[in-house]
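Descriptive structure summary
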Amino acid sequence: MNKKELRQLIRSRKRLFDKQALDEQSLVRIKQLMSHPRLIAAKTIMMYYSLPDEVDTHEAIRQLVKQGKTVLLPVVTSEDSMILRRYEQATDLRTGAFGIMEPVGQHFNDYDQIELAVVPGVAFDAEGHRLGRGRGYYDRFLPRLPHAYKLGLCFDFQKVEHVPTDANDIRMDEVL
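Thresholds applied
- Residues numbered from 1 in each chain as written.
- Predicted model: local features only at pLDDT ≥ 70, side-chain atom pairs only at ≥ 80, totals over all residues.
- Heavy atoms only, no water.
- Core = buried A, V, L, I, M, F, W, Y, C linked by side-chain atoms within 4.5 Å.
- Buried < 20%, exposed > 50% of the residue type's maximum accessible area, 1.4 Å probe, protein only.
- Helix = DSSP H or I, 4+ residues; strand = E, 2+ residues; numbered from the N terminus.
- Contact = heavy atoms within 4.5 Å.
- Salt bridge = Lys/Arg side-chain N within 4 Å of Asp/Glu carboxyl O.
- Lys, Arg positive; Asp, Glu negative; His and termini not counted.
- Polar contact = N/O pair within 3.5 Å; in protein donor to acceptor, adjacent residues only side chain to side chain.

Moving on, we get to the nonpolar core. In this structure, Leu 33, Met 46, Met 47, Ile 114 and Leu 145 are the most contacted members of the largest nonpolar core, which totals 45 residues. Residue assignment for this core shows that the elements contributing at least two residues are helix H2 (19–34), strand E1 (44–46), helix H4 (58–66), strand E2 (70–78), strand E3 (81–87), strand E7 (116–119), helix H5 (137–141) and strand E10 (149–152). Contact partners of Met 47, with chain neighbours within four places excluded, come to Leu 33, Thr 57, Ile 61, Leu 64, Val 71, Leu 72, Leu 73, Pro 74 and Val 118.

Set out below in structure tokens:
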């Protein structure tokens, strides 16, 4: 199965679940994330502000900020580039590229401080291979974080036996 076919398969799987079912599955996954030793130990975390069809990270992000952690979210700046900005509160978010909520806060580029990167994906396999939405933003950005533990976050139905990969695809250290 190629990448396009796998994206279509996962889209069809998602359609089997209504919003309430996805919310319930999100709660289970976020509970795992919030109790993960890497997250508990990390002071600076790269997260993503979820879209409606992704594991819902909104409350987890608020909780992490309340705990005094530095939470960084991606901001798409061009056709092939993204940066990180610090998340302070939901009122600091604006709709950015692809309808994704992005922070308008302080630009962050001290990448060596990032201990954990929580990464979304369309599909993941047991070896940590990740299939994104097809634009390559994370695969171009994640090499800047060589010291960060890369944690893929997804619903169980997004876990597959094999994700087709290219040389530029970045592997996750773990997938929840």
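What follows concerns the pattern of salt bridges. Evaluated as defined, the whole model comprises 10 salt bridges. Between Asp 169 and Lys 3 there is a salt bridge whose closest N-O contact spans 2.9 Å. Of this pair, Asp 169 sits in the loop between E10 and strand E11 (174–175) while Lys 3 sits in helix H1 (residues 3–14), placing them 166 residues apart in sequence. Note on accessibility: Asp 169 and Lys 3 belong to one class, buried. Measuring nitrogen to oxygen at the nearest pair gives 3.1 Å for the salt bridge that ties Glu 59 to Arg 62. Linking Glu 59 with Arg 62, this pair stays in helix H4, spanning 3 residues, or about one helical turn.

Tracing the sequence through the fold places Ile 30 in helix H2. Its relative accessible area of 12% is what places Ile 30 among the buried residues. With 123 residues separating them in the primary sequence, Ile 30 and Leu 153 have C-alpha atoms 8.8 Å apart. Non-local contacts of Ile 30, meaning those with residues more than four positions away in its chain, are made with Val 55, Asp 56, Thr 57, Ala 60 and Leu 153.

Mapped onto the fold, Arg 130 is located in strand E9 (residues 130–131). Despite being buried, Arg 130 has no salt bridge partner; Asp 139 is the closest side chain of opposite charge, sitting 4.1 Å away. Separated by 2.7 Å, the side chain of Arg 130 and the backbone oxygen of Pro 120 make a polar contact. In contact with Arg 130, not counting residues within four places along its chain, are Val 119, Pro 120, Gly 121, Ala 123, Phe 124, Tyr 138, Asp 139, Val 163, Ile 170 and Met 172.

Such coordinate-based values are descriptive only and should not be taken to indicate function.
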